[in-house]
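# Examination of the molecular architecture
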Amino acid sequence: MAQTIPAPAAPAAAPEHGGRIRRLLLGAPGDPRWARPALWAVLAVAAALYAWNLTSGGYANDFYAAAVKSGTQSWKAFFFGSLDAGNYITVDKPPMVLWVMELFGRVIGFGTWALLLPQVIEGVAAVALLYATVRRAFGHPAALIAAAVLALTPITVAINRDNNPDTLLVLLLVAAAWACQRAVETGRLRPLLLSAFFVGCGFNTKMLQAFLVVPALALVYLIAGRPGIVRRLGHLAAAGAVLVVSSSWWMLIVDAIPAANRPYIGGSTDGTVWDLVIGYNGLGRVFGENNGPGGGRGGPGGGASFGGQPGAGRLFNDIVGGQISWLIPFAVIALIACLVLLWKRPRTDLARAALLLWGGWLAVHYVIFSFAEGTFHPYYTTALAPAIAALTGVGAVLLFRAGRGEARWDRLRPLAGAAAIAATGVWAFVLLDRTPSWHPWLRWTILAATAASIAALLLARLTRLTRRAGTRALVAGTALAAVATLAGPGAYAVSAASTASGGSNPQAGPSTGFGPGGMRGGPGGMPGGSRGGFPGGFPGGFPGGQARGGAPNGAAPGGQNPGQNPTTQQGRTAQQGGRMPWNGGAGRGGFGGGPDGGEVSGQMISYLEKNQGGATWLLAVSSSRTADPIILSTGRPVMAMGGFTGSDPAMTVAKMQKYVKEGKLRYVLLGGGMGPGGGDSSVTAWVQKNGTLVDPSAYGGTASSSGSTGAQLYKLG
């Protein structure tokens, strides 16, 4: 009788979480074995560049650092993005980036790591997300190159070591591009709505700058989306609604609250977020701060000298060129050549759609950043980095694969690749030649590598070599091309990682002198003015004409970083007799700030702490440049009456009288150099008339610290 043999039991399935971990570490089963380890290597390099010696930066940009500290002390300050825990005035940006740092601060305690560790994480996440986005359209090699280029972009390294909003903005915009590409690929609405949501979060990070990617995202979906035209238009309308809601919810809530029950919105002319959106943080940036709706401060082009004069060459000038422009020639040539190669593909082709997305991103940012007449800092250009990186990765792979596709392009592709490498290598030589004493061997090495790589790649593609010889020439040419294109920005990136944060104006690489209209080296500070309309720089200027946060390699005169923890400046705390910088901010309508600059002594701070009593604010000063270090060192609310530079029309006589009557404010610090205009002179006159001048001897000062040119402390009430 036949015996039935039971089938062997199927092997137990591996736990799902184990498979996910293996996939995370080693990649999907169908991925090349080298792909995931290579990605981890790039991410490790990025993390090292962004986090190396991070604590040397202290508090980085102390304007945002003071707001973060206040947000860890007050949930009201957290929501509004207030500079001080007393909620007198906010910073001049929406609060989303502050929320991230403040949550870290509430968990691990306020300090350098709470400020800068989120930036490192966000920067590394942006590299990983760019890899994932490029991989879906062009494969692992292109994605790996794109990730490496983004990780090594000099200004990206510098800004990811700082606490400005741009790091979070870049992450959110790359996330928006990833989601939009998924919407194109799948034809589903949900990813498109997610893309709009990410852009809305970007708006609540840095307002209208986030919208610069919207034309590219919308156009790509309209052209390449899988649904019919009617459904595509409907999807875009729905995404537009999500964009409006996710962008405006915070603004609508804040502006709906009566002004008496919330802080003044810093940077605005009327205390509303809407004015900030269309004025200082909106059209004022593009057309000059006096020319946009809502006004703003400073004349047309005021502050443009941070990044040089507006024009087609701004991104290549002595100020900005070394920060972002290294691979722009390669990206542009690659974009044009690859569009030619892919143009006849089907309408919904994902690769062509991705090229349009990154090309549109690059084009819009280039036009706005180049011709903007308002305030423009070099670090804004980090928003260009994802597009440049993606186009570089795509171009390198598509042009590298010459001879593997259509025969008519077999010779055009390597020639286009050679042109891209040549333009990039020569431009790197030009950039490095601007600082000939900085690693002088590097520019010649790059030039030699450029010539050798072009020769090797053309030899491999355009001649009839044996397979082994062709492969060797191809490998050698690729390695030399990597040196030609990445050595220059890589050196600048390492330079940024080896120096402390640049505070309010982080930059990478050596000082280039900044040429005409530059920020460093001019007498009296920043030629051409800055936010607040300083016609000849800050009163008294900065030593050597260097802007706050803008000294060579991120260091301030005398070797102290502008964002350094104020409690450790000059090796002493304020309570131990150290000195705090006091830059009065006598811009248009400013609250003064003596022409000698002035300082707030540790003895004065100790006196104020002893005599604050039940007052909400320790002290009222002209601007945040005075308030920031006091907030950071004492942890007590300090009122910046005129906001960032002292030019915000936030204080009135009636408001001052109310604070004094209610016992919320007892001390005001005034300087001797009143700026014209505004209603601020009346506030100063009222304080001088109704307050009592505190004798400097009361806090250990001397008579020379008072008078018409120095800081004067008044007691009110």
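Residues numbered from 1 in each chain as written. Predicted model: local features only at pLDDT ≥ 70, side-chain atom pairs only at ≥ 80, totals over all residues. Heavy atoms only, no water.

Right, let's talk about the overall build of the protein for a bit. Scanning the protein from N- to C-terminus turns up 24 helices and seven strands. Here the protein, with 717 residues, has 59% of them falling under the buried criterion. Of the contacts formed within the protein by residues at least 6 apart in sequence, a portion of 70% connects residues at least 24 apart. (Helix = DSSP H or I, 4+ residues; strand = E, 2+ residues; numbered from the N terminus. Buried < 20%, exposed > 50% of the residue type's maximum accessible area, 1.4 Å probe, protein only. Contact = heavy atoms within 4.5 Å.)

The subject of this paragraph is the environment of Tyr88. As for its position among the elements, Tyr88 is in the loop between helix 4 (75-80) and helix 5 (96-108). When its relative accessible area of 2% is taken as the criterion, Tyr88 is described as buried. Non-local contacts of Tyr88, meaning those with residues more than four positions away in its chain, are made with Pro263, Tyr264, Trp617, Met639, Ala640, Met641, Ala650, Met651, Lys655 and Tyr659. At a separation of 2.9 Å, a polar atom in the side chain of Tyr88 contacts the main-chain carbonyl oxygen of Met641. (Polar contact = N/O pair within 3.5 Å; in protein donor to acceptor, adjacent residues only side chain to side chain.)

If you trace the backbone, Ile630 turns up in helix 22 (residues 624-634). The class for Ile630 is buried, based on a relative accessible area of 0%. With 30 residues separating them along the chain, Ile630 and Val600 place their C-alpha atoms 8.7 Å apart.

As enumerated under the stated definition, the model contains nine salt bridges in all. The partner of Lys206 in a salt bridge is Asp166, and the shortest N-O contact between them spans 2.6 Å. With Lys206 in helix 10 (residues 189-206) and Asp166 in helix 9 (residues 166-186), the pair connects residues that are 40 residues apart, well separated along the chain. Asp166 matches Lys206 in its accessibility class, with the two residues each being buried. Between Arg434 and Asp318 there is a salt bridge, with the nearest N and O atoms lying 3.2 Å from each other. Highlighted residues: Arg434 in the loop between helix 18 (412-433) and helix 19 (440-462) and Asp318 in the loop between helix 13 (273-287) and helix 14 (321-324), separated in sequence by 116 residues. You can call Arg434 partly exposed: its relative accessible area is 26%. (Salt bridge = Lys/Arg side-chain N within 4 Å of Asp/Glu carboxyl O.)

On a regular strand, one side chain projects to one face of the sheet and the next to the other, so that they alternate. Burial along strand 5 (residues 667-670) is two-sided: the residues Tyr667 and Leu669 and Val668 and Leu670 are all buried. Where strand 5 lies against strand 7 (residues 712-715), four bridges are found, and the strand directions are antiparallel. Its bridge partner lying in strand 7, Val668 is registered against Tyr714. (Pairing = 2+ DSSP bridges.)

On to the pairing of strand 7, then. Strand direction decides the pairing type here: strand 6 (residues 692-693) and strand 7, joined by two bridges, are antiparallel. Following the sheet pairing, Thr692 is matched in strand 7 by Lys715.

This brings us to the packing of helix 10 against helix 12 (residues 229-256). Viewed as axis vectors pointing N to C, helix 10 and helix 12 meet at an angle of 30°, and their least axial separation amounts to 8 Å. Classed by the angle they form, the pair helix 10 and helix 12 counts as roughly parallel. Our pair here, helix 10 against helix 12, has a crossing hand that is right-handed. Between helix 10 and helix 12, the residues in contact are Leu189, Leu192, Leu193, Ala196, Phe197, Val199, Gly200, Cys201, Phe203 and Asn204 and His235, Leu236, Ala238, Ala239, Val242, Leu243, Ser246, Ser247, Trp249 and Trp250, respectively. (Axes fitted to C-alpha atoms, helices over the stretch in contact; angles between N-to-C directions. Parallel < 35°, antiparallel > 145°, perpendicular 65-115°, else oblique. Left-handed = near helix turned anticlockwise from the far one by under 90°.)

Another aspect to go through is the packing of helix 5 against helix 6 (residues 112-138). Between helix 5 and helix 6, the shortest axis-to-axis distance is 8 Å and the interhelical angle comes to 125°. In terms of orientation, helix 5 and helix 6 fall into the oblique class. Relative to helix 6, helix 5 is oriented so that their crossing is right-handed. In this structure, helix 5 uses Val97, Val100, Met101, Phe104, Gly105 and Ile108 to contact helix 6, whose residues at the interface are Trp113, Ala114, Leu115, Leu117, Pro118, Gln119, Ile121 and Glu122. A breakdown of the residues in the contact of helix 5 with helix 6 according to their chemical character gives eleven nonpolar, two polar and one charged. (Nonpolar A, V, L, I, M, F, W, Y, C, P; charged D, E, K, R; others polar.)

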